[in-house]
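Spelled out, the chains give:
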Amino acid sequence: ETGVTQSPTHLIKTRGQQVTLRCSSQSGHNTVSWYQQALGQGPQFIFQYYREEENGRGNFPPRFSGLQFPNYSSELNVNALELDDSALYLCASSTGRDNSYNSPLHFGNGTRLTVT
Amino acid sequence: QKEVEQDPGPLSVPEGAIVSLNCTYSNSAFQYFMWYRQYSRKGPELLMYTYSSGNKEDGRFTAQVDKSSKYISLFIRDSQPSDSATYLCAMSASGSARQLTFGSGTQLTVLP
């Protein structure tokens, strides 16, 4: 059983640019969530996709957007990058839309984004 | 005030010690409580997952939830150098999708 994989592992972008981060969910998982983790902080929820539809969003502006594909892989897109967007971006997958004791979130190792 | 407060440490203990990690929270809607371990340059790895109040034990790890005090704990017995990592508490309300609210993490070092 393969885990959650993310690409690329590291990325450097310039302020104002756009970036796309990719995630392959763990086999059999139909829910994907994205989190932003600033240095020295805990992850912050960006949004969640269940069966290709967004069904939960945290306190992030619209320039953060996403997609989930029929094979349950996912993308996170960030437009008009700002210096504060520098962080580790984590993808997590699970089964089912809502919290379930039997299906917690499993995280990938993240993409480290640096905005200069 | 943050919804979830966690002492950032750093915490340094000798090998074999009992480690106590704690979080407090303010949102009474939280029903699901988790502890994640995060090694440097890695994603969080789920350690313990409890629903509502009570205790749960798994090997050297024990998680406790006291909803009346809005306080959760993770105990590590017989700590090992391989336990050196950042420990994150996380919690979620019922029916809130999988929106986890994390603490800021406690950095633990177990010295050989």
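The present account deals with the structure reproduced in this document. No experiment lies behind these values; they were computed from the predicted model shown.

### Overview of the state of the cysteines
Residues and elements named next belong to chain B.
Move 1: Going through the model one piece at a time under the given rule, you end up with two disulfides over all chains.
Move 2: The disulfide that involves Cys23 links it to Cys89, with 2.0 Å between the sulfurs. Linking Cys23 and Cys89, the disulfide has an S-S dihedral of approximately -100° and is accordingly described as left-handed. Remark: Cys89 occurs in strand β9 (residues 85-93) and Cys23 occurs in strand β3 (residues 19-25); sequence separation between them is 66 residues.
Move 3: Cys23 gets classed as buried once you look at its relative accessible area, which sits at 1%.

### A few points about the interface of chain A and chain B
Move 1: Taken together, the contact pairs 28 residues of chain A with 25 residues of chain B.
Move 2: Taking both sides of the interface into account, the surface hidden between chain A and chain B amounts to around 2,000 Å²; carbon and sulfur atoms contribute 51%.
Move 3: For the side of chain A that touches chain B, the secondary structure elements donating two or more residues are β4 (31-37), β5 (44-50), β6 (53-57) and β9 (87-94) of chain A.
Move 4: For the side of chain A that touches chain B, the element with the most residues is β4(A), which contributes four residues.
Move 5: Counted by class, the side of chain A that touches chain B contains nine nonpolar, 16 polar and three charged residues.

### Some words on the sheet that holds strand β7 (residues 64-68) of chain A
Residues and elements named next belong to chain A.
Move 1: Sheet architecture is open: four strands sit in the order β1-β3-β8-β7, paired in antiparallel fashion. Only two strands of the sheet have a single neighbouring strand rather than two, namely β1 (5-7) and β7. If you compare each strand with its neighbour and ignore which way they point, the axes differ by 20° on average.
Move 2: Pairing between β7 and strand β8 (residues 74-78): five bridges, direction antiparallel. Across the sheet, Gln68 pairs through a bridge with Ser74, a residue of β8.

### Quick word on the nonpolar core
Move 1: Counting residues in each nonpolar core, the largest one holds 24 residues, and the members touching the most others are B:Trp35, B:Ile72, B:Leu74, B:Ile76, B:Tyr87 and B:Met91.
Move 2: Breaking this core down by element, the ones donating at least two residues are β3, β4 (30-38), β5 (45-51), β7 (61-66), β8 (71-76), β9 and β11 (106-111) of chain B.
Move 3: Among the elements that make up this core, the one with the highest residue count is β9(B) (five residues).
Move 4: If you look at the next biggest cluster of nonpolar residues, it comprises 19 residues, including A:Cys23, A:Trp34, A:Ile46 and A:Val115.

### What about the sheet that holds strand β6 (residues 54-58) of chain B?
Note on sheets: strands pair through backbone hydrogen bonds, and any given pair is parallel or antiparallel.
Residue and element names in this part refer to chain B.
Move 1: Spatial ordering of the open sheet is given by β1-β3-β8-β7-β6, a layout of five strands whose pairing is antiparallel. Taken across any chain shown, the strands that pair with only one partner, and hence form the sheet edges, are β1 (4-6) and β6. Strand after strand, the sheet turns through a mean of 15° between neighbouring axes, direction not considered.
Move 2: In this structure, β6 lies alongside β7, joined through five bridges in antiparallel fashion. Looking at β7, one finds that Glu57 is bridged to Thr62.

### As for the packing of aromatic side chains
Move 1: Counted by the stated rule, this structure contains twelve aromatic pairs over all chains.
Move 2: Aromatic pair A:Phe47 and A:Tyr49: ring centres 5.4 Å apart, planes at 85°, arrangement edge-to-face. Each member of the pair, A:Phe47 together with A:Tyr49, is buried.
Move 3: Taken together, a centroid distance of 5.0 Å and an interplanar angle of 50° make the contact between B:Tyr32 and B:Tyr51 tilted. Of this pair, B:Tyr32 sits in strand β4 while B:Tyr51 sits in strand β5, placing them 19 residues apart in sequence.

Basis of the calculations
Residues numbered from 1 in each chain as written. Chains lettered and ligands numbered in written order. Predicted model: local features only at pLDDT ≥ 70, side-chain atom pairs only at ≥ 80, totals over all residues. Heavy atoms only, no water. Disulfide = S-S within 2.5 Å. Helix = DSSP H or I, 4+ residues; strand = E, 2+ residues; numbered from the N terminus. Buried < 20%, exposed > 50% of the residue type's maximum accessible area, 1.4 Å probe, protein only. Contact = heavy atoms within 4.5 Å. Buried area = accessible area lost by both parts, 1.4 Å probe. Nonpolar A, V, L, I, M, F, W, Y, C, P; charged D, E, K, R; others polar. Pairing = 2+ DSSP bridges. Axes fitted to C-alpha atoms, helices over the stretch in contact; angles between N-to-C directions. Core = buried A, V, L, I, M, F, W, Y, C linked by side-chain atoms within 4.5 Å. Phe/Tyr/Trp six-rings, centres within 6.5 Å; stacked < 30°, edge-to-face > 60°.

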